[in-house]
Amino acid sequence: MIGQNIAQAAALLQRGEVIAIPTETVYGLAGNALDEQAVARIFAIKQRPSFDPLIVHVPDLRQLENWVKAIPPLARKLAEQFMPGALTLLLEKRDQISDLVTAGSPLVAMRIPAHPLAQQLLQSLPFPLAAPSANPFGYISPTRAEHVAHQLGDQIPYILDGGPCSIGLESTIVGFPEGRATVYRKGGISVEAIEALIGPVQVKAHSSSNPQAPGMLKSHYAPRVPMVLGNLSELIPVYSGKAVGVLSFRERFPEIPSERQFALSSSGDYTEAARNLFSAMRYLDRLPIDFILTELLPEEHLGRAINDRLRRAAAVE
Ligand code: TXA
Ligand code: MG
């Protein structure tokens, strides 16, 4: 069921159920982070491998401090500026956070969502919420309640509908190995915004076979229709004999039927492009086409996080 009833959502979570909740980044598949059965159910519904840890959501910094051993000075500076918001901090966990949530890591990923319904829900609960993005593992994250309903609707009792996500990209994940701020996943807060506050940071959000965060896996956020990344004016003629869809940054292409193309932002606005990205990928993925042709954005601001998702969506393995 889809609805906006916070009391009903809270009652289900209190009973150990797993439900979908809105955040300003993407929808989450949430359960009581202190209840191992609820956490195990999240992994099962999402078909997520148990080595891939979950983010723990709390309503404010005071509650965040209950679950971590310490907040290093750089982390506190980031928290004060970007929380609530699209930032996740990797911090040393306290024992009450189970190894199931962190996949055995001594670090826990902590986030304070800003979405008003997520805030109200978290404030009404006596426990934090573990929540990955509410999509089957490896698929595109949901940015609308309907996206969740379409894929997981028959497996969960409730989807709390908070409307379309205002940011539309997952949170930026920052950790502090050896005291150095390190971005492990580019997301809704740009690296530029972080560096403006705390100076240069390391970015380790590249793919690898033994990822620090499985959001770092090469093929991820992927639609079913293969995506081909390149220069669109060159790709379109090459694929002229095939049924294609086009996902562009600004431009529209007269040779492609209008219902088979999606421009992320005709004005070239990165925030608008980010908000549209996952809906556009889902839209194109449902068309009767053989390929989605797409292009990278300029490698700056949210364009970097968008490009990261496009590269992974187009990865073949
Ligand atoms: O915006 C978001 O972050 C959304 C909303 C629902 O909060 N959540 C989200 O969760 O994107 P998920 O599970 O789809 O992605 C979380 C990423 C994964 O790549 C996971 O491996 C990493 O965070 N992660 C979680 N806990 C971690 C930990 N203890 N150490 C390292 N990486 C961690
Ligand atoms: Mg995810």
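Residues numbered from 1 in each chain as written. Chains lettered and ligands numbered in written order. Predicted model: local features only at pLDDT ≥ 70, side-chain atom pairs only at ≥ 80, totals over all residues. Heavy atoms only, no water.

Let's shift gears to the overall build of the protein chain. A tally of regular secondary structure across the protein chain gives eleven helices and 15 strands. Whereas a compact globule of 317 residues would reach a radius of gyration of roughly 20 Å, the protein chain reaches 19 Å, a difference of no more than 12%. If one aligns the C-alpha atoms of the protein chain with their principal axes, the spans along those axes are about 60 × 45 × 35 Å. Within the protein chain, the proportion of its 317 residues that are buried is 57%. Here the contacts in the protein chain between residues at least 6 apart in sequence split such that 66% fall between residues at least 24 apart. Counting only carbon and sulfur atoms, one obtains 49% of the accessible surface of the protein chain, whose full area is about 13,200 Å². One way to put it: in the protein chain the 29 positive side-chain charges average out to a point 2 Å from where the 31 negative ones average out. (Helix = DSSP H or I, 4+ residues; strand = E, 2+ residues; numbered from the N terminus. Rg over C-alpha atoms; globule rule 2.2 N^0.38 Å. Buried < 20%, exposed > 50% of the residue type's maximum accessible area, 1.4 Å probe, protein only. Contact = heavy atoms within 4.5 Å. Areas by Shrake-Rupley, 256 points an atom, 1.4 Å probe, with all protein chains shown as cover. Lys, Arg positive; Asp, Glu negative; His and termini not counted. Charge placed at Lys NZ, Arg CZ, Asp CG, Glu CD.)

Turning next to the nonpolar core. Ranked by internal contacts, the top residues of the largest apolar core, which has 47 residues, are Leu 64, Leu 78, Leu 89, Val 174 and Ile 194. Mapped by element, the contributors of at least two residues to this core are α2 (36-46), α3 (61-67), α4 (73-82), β5 (87-92), β6 (107-111), α7 (145-152) and α8 (191-198). Excluding its chain neighbours within four sequence positions, the residues that come into contact with Leu 89 are Ala 75, Leu 78, Ala 79, Met 83, Val 108, Ala 109, Met 110, Val 174 and Phe 176. The next biggest cluster of nonpolar side chains, apart from the first, holds 28 residues, and it includes Val 26, Tyr 139, Met 227 and Leu 264. (Core = buried A, V, L, I, M, F, W, Y, C linked by side-chain atoms within 4.5 Å.)

What follows is about the pattern of salt bridges. This model, assessed by the stated rule, comprises eleven salt bridges. A salt bridge links Glu 17 to Arg 41; the shortest N-O distance between them is 3.6 Å. Highlighted residues: Glu 17 in the loop between α1 (6-14) and β2 (19-21) and Arg 41 in helix α2, separated in sequence by 24 residues. The class of Arg 41 is partly exposed, set by a relative accessible area of 36%. When the shortest N-O distance is used, the salt bridge between Lys 93 and Asp 99 registers 3.6 Å. Classification of Asp 99 as partly exposed rests on a relative accessible area of 47%. The structure contains a network of salt bridges with shared partners spanning Glu 170, Asp 308, Arg 309 and Arg 312. (Salt bridge = Lys/Arg side-chain N within 4 Å of Asp/Glu carboxyl O.)

Moving on: the sheet that holds strand β15 (residues 291-294). Judged by pairing direction, the sheet is parallel, and its four strands sit side by side in the order β12-β15-β13-β14 without closing on themselves. For this open sheet the edge positions go to β12 (227-229) and β14 (261-263), each flanked by a neighbour on one side alone. Taken over all neighbouring pairs, the strand axes of this sheet differ in orientation by 20 degrees on average, direction set aside. Here three bridges tie β12 to β15, and the two strands are oriented parallel to one another. In the strand pairing of β15, Met 227 is matched with Ile 292. (Pairing = 2+ DSSP bridges. Axes fitted to C-alpha atoms, helices over the stretch in contact; angles between N-to-C directions.)

Under the defined criterion, the tally for this structure stands at three aromatic pairs. Ring plane angle 65 degrees and centroid distance 5.1 Å describe the contact between Tyr 239 and Phe 291, whose orientation is recorded as edge-to-face. Taken as a pair, Tyr 239 in the loop between α9 (232-238) and β13 (244-248) and Phe 291 in strand β15 lie far apart in primary sequence, 52 residues in all. By relative accessible area, which is 18% here, Tyr 239 ends up buried. Ring centres of Phe 249 and Tyr 270 lie 5.8 Å apart, and the angle between their planes is 5 degrees; this geometry places the pair in the stacked category. (Phe/Tyr/Trp six-rings, centres within 6.5 Å; stacked < 30°, edge-to-face > 60°.)

Turning our eyes to something else, we now look at empty space enclosed by the protein. For the structure on display, the rule yields one cavity of 30 Å³ or more. Its boundaries defined by the atoms lining it, the largest cavity holds a volume of some 30 Å³. In this structure, the largest cavity is lined by Thr 172, Lys 186, Gly 187, Ile 189, Ser 190, Val 191, His 301, Arg 304 and Ala 305. Here the residues of the lining of the largest cavity sort into three nonpolar, four polar and two charged. (1 Å grid on protein atoms, 1.4 Å probe; cavity = no way out; pocket = protein on both sides within 12 Å on 5 of 7 lines; lining within 4 Å. Points joined across faces, edges and corners; volume = space filled by probe spheres on them. Nonpolar A, V, L, I, M, F, W, Y, C, P; charged D, E, K, R; others polar.)

Time to look at the pairing of β13. With five of five residues buried, β13 is to be regarded as a mostly interior element. Because side chains alternate across β13, one face comprises the buried residues Val 244, Val 246 and Ser 248, and the other comprises Gly 245 and Leu 247, equally buried. Pairing of β13 with β14, which is carried by three bridges, proceeds in the parallel orientation. Bridging from a neighbouring strand, Val 246 pairs with Gln 261 of β14.

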